[in-house]
Amino acid sequence: MGLRFTVLASGSTGNATIVQSDDAMILIDAGLSAKKLEQLMKEREVEASGLDAILVTHEHSDHIKGLGAMARKYDLPIYANEATWEEMHKHVGAIAEDKRKILPTGSSVEFGGVLGRLRAESYAISHDAAEPVGYCIYNGNTKLSLVTDLGYMSEKVKQQVIESDVIVLESNHDVDMLRVGRYPWNIKRRILGDMGHLSNEAAGDALCELMTDRTQRVYLAHLSLDHNQMDLAKLTVNSILENRGFFFKRDEFAIKDTYHDRPTEWDEVKRR
């Protein structure tokens, strides 16, 4: 198997991703009800009872809605930094002390055996949460990076994510659709700001700096239901890449969809 993953759901209605190796399986964020998470996992023919841990990016409800219920039902450890724990503890209910794991930003944790070990390394991002993080997941020489819920792509984030085989990258909104949309201006300003979310254009610009010979696929994630469309996001990102001189054959690189209401197909991540 090596390393494989499925984005169970992505967007403002809930976020969760399963990453699996031969010997380990972790859930990154649990932003839907436990019942819905179990259903989505079954659609990909895995059981929540097989999880080793849940890792949390930040405390917003679309990332922790089912966290407490899942952890208690399946006796799972939860990993998050201390600031995130301080903000989310009142929302997730009682968690046994030995299941409350502090993972300082910039540190890593390993799961599984020698042949199927997963190493998850967190890194700081810019978002309006206590201490939000993204994750890079490693298995041997393969690398999967999860890069969502950030207002801008800093140089430090780029350094962390570059040389990934597959990237799950936020492409939250089309700027023009957001500006004329129904949200009040204070919400629009938050989304557009440095502590908000990446636009399609920002995602394309960032990807131009993240692309290397290793990069095989990017999944556009956390799309707004009100201010974006997947076809538009893919067109915008692809146009920016082409305008910067990036041209690919289908078997070399692909831009992939994520969904707010159903999981992506399993994707096996391998070094090219």
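Up top is the structure.
Conventions and cut-offs
- Residues numbered from 1 in each chain as written.
- Predicted model: local features only at pLDDT ≥ 70, side-chain atom pairs only at ≥ 80, totals over all residues.
- Heavy atoms only, no water.
- Buried < 20%, exposed > 50% of the residue type's maximum accessible area, 1.4 Å probe, protein only.
- Helix = DSSP H or I, 4+ residues; strand = E, 2+ residues; numbered from the N terminus.
- Contact = heavy atoms within 4.5 Å.
- Pairing = 2+ DSSP bridges.
- Axes fitted to C-alpha atoms, helices over the stretch in contact; angles between N-to-C directions.
- Parallel < 35°, antiparallel > 145°, perpendicular 65-115°, else oblique.
- Left-handed = near helix turned anticlockwise from the far one by under 90°.
- Salt bridge = Lys/Arg side-chain N within 4 Å of Asp/Glu carboxyl O.
- Phe/Tyr/Trp six-rings, centres within 6.5 Å; stacked < 30°, edge-to-face > 60°.

**Student:** Provide a residue-level description of helix α8 (residues 200-210), including the pertinent values.
**Tutor:** If you check which residues of α8 are buried, you get N200, A203, G204, A206, L207, C208 and L210. Packing partners of the buried residues in α8 comprise α5 (155-161), β11 (166-170), β12 (217-221) and α9 (230-243).

**Student:** Can you break down the sheet that holds strand β9 (residues 133-139) residue by residue, with the values?
**Tutor:** A sheet is described by the order of its strands in space; here seven strands give the open sequence β7-β8-β9-β10-β11-β12-β13, paired in mixed fashion. Edge positions in the sheet fall to β7 (108-111) and β13 (254-256), since each has one partner strand and no second. Here the strands of the sheet are splayed against their neighbours by 20 degrees on average, with no regard to which way each runs. Along the sheet, α8 makes contact with β11 and β12, crossing β11 at roughly 155 degrees.

**Student:** Residue-level account of the packing of α8 against α9, with values.
**Tutor:** Taken N-terminus to C-terminus, the directions of α8 and α9 make an angle of 40 degrees; their axes are 8 Å apart at the nearest point. Judged by the angle between their axes, α8 and α9 are oblique. Considering how the two elements wind past one another, α8 and α9 form a crossing that is right-handed. Between α8 and α9, the contacting residues are N200, E201, A203, G204, D205, L207 and C208 on the first element and L232, A233, T236, V237, I240 and L241 on the second.

**Student:** Please provide a residue-by-residue account of the sheet that holds strand β2 (residues 16-20), values included.
**Tutor:** Strand order in the open sheet formed by seven strands is β6-β5-β4-β3-β2-β1-β14, and the pairing between neighbours is mixed. One side of each edge strand has no neighbouring strand; the edge strands of this open sheet are β6 (100-102) and β14 (267-269). Between one strand and the next, the sheet's axes are offset by a mean angle of 25 degrees, whatever the strand orientation. Where strand β4 (residues 53-55) meets strand β5 (residues 78-80), two bridges bridge the pair, whose relative direction is parallel. Bridging from a neighbouring strand, L55 pairs with Y79 of β5. Each of β3 (25-28), β4 and β5 is contacted by helix α3 (residues 67-74), which is oriented at about 165 degrees to β4, the strand it contacts most.

**Student:** Go over the pattern of salt bridges with me, naming the residues and quoting the values.
**Tutor:** Evaluated as defined, the whole model comprises 14 salt bridges. A salt bridge links K73 to E38, with the nearest nitrogen and oxygen atoms 2.7 Å apart. Of this pair, K73 sits in helix α3 while E38 sits in helix α1 (residues 34-43), placing them 35 residues apart in sequence. A relative accessible area of 15% places E38 in the buried class. With a shortest N-O distance of 3.4 Å, R262 and D261 are connected by a salt bridge. Through salt bridges with shared partners, a single network forms among E155, K158 and E209.

**Student:** Quick rundown of the pairing of β7? Include the residues and the values.
**Tutor:** Burial along β7 is one-sided: the face carrying V109 and F111 is buried and the face carrying S108 and E110 is not. Judged from the four bridges that link them, β7 and strand β8 (residues 118-124) form a sheet pairing that is antiparallel. What sits directly across from S108, in β8, is E121. Remark: six residues form the turn of the hairpin made by β7 and β8, two consecutive strands paired antiparallel; G112 in that turn has positive phi of roughly 90 degrees.

**Student:** Lay out the packing of aromatic side chains with the relevant residues and their values.
**Tutor:** Scanning all chains against the criterion turns up four aromatic pairs. Taking 5.5 Å as the distance between ring centres and 90 degrees as the angle between the ring planes, the aromatic pair formed by Y79 and F111 counts as edge-to-face. Linking Y79 in strand β5 with F111 in strand β7, this pair joins segments that are 32 residues apart in sequence. Residue Y79 shares its accessibility class with F111, and that shared class is buried. Seen in terms of ring centroids, F246 and F248 are 6.3 Å apart; in terms of plane orientation they differ by 15 degrees. Their pairing is stacked. Relative accessible area serves as the criterion here: at 23%, F246 is assigned to the partly exposed category. For F248, a relative accessible area of 34% translates into the label partly exposed.

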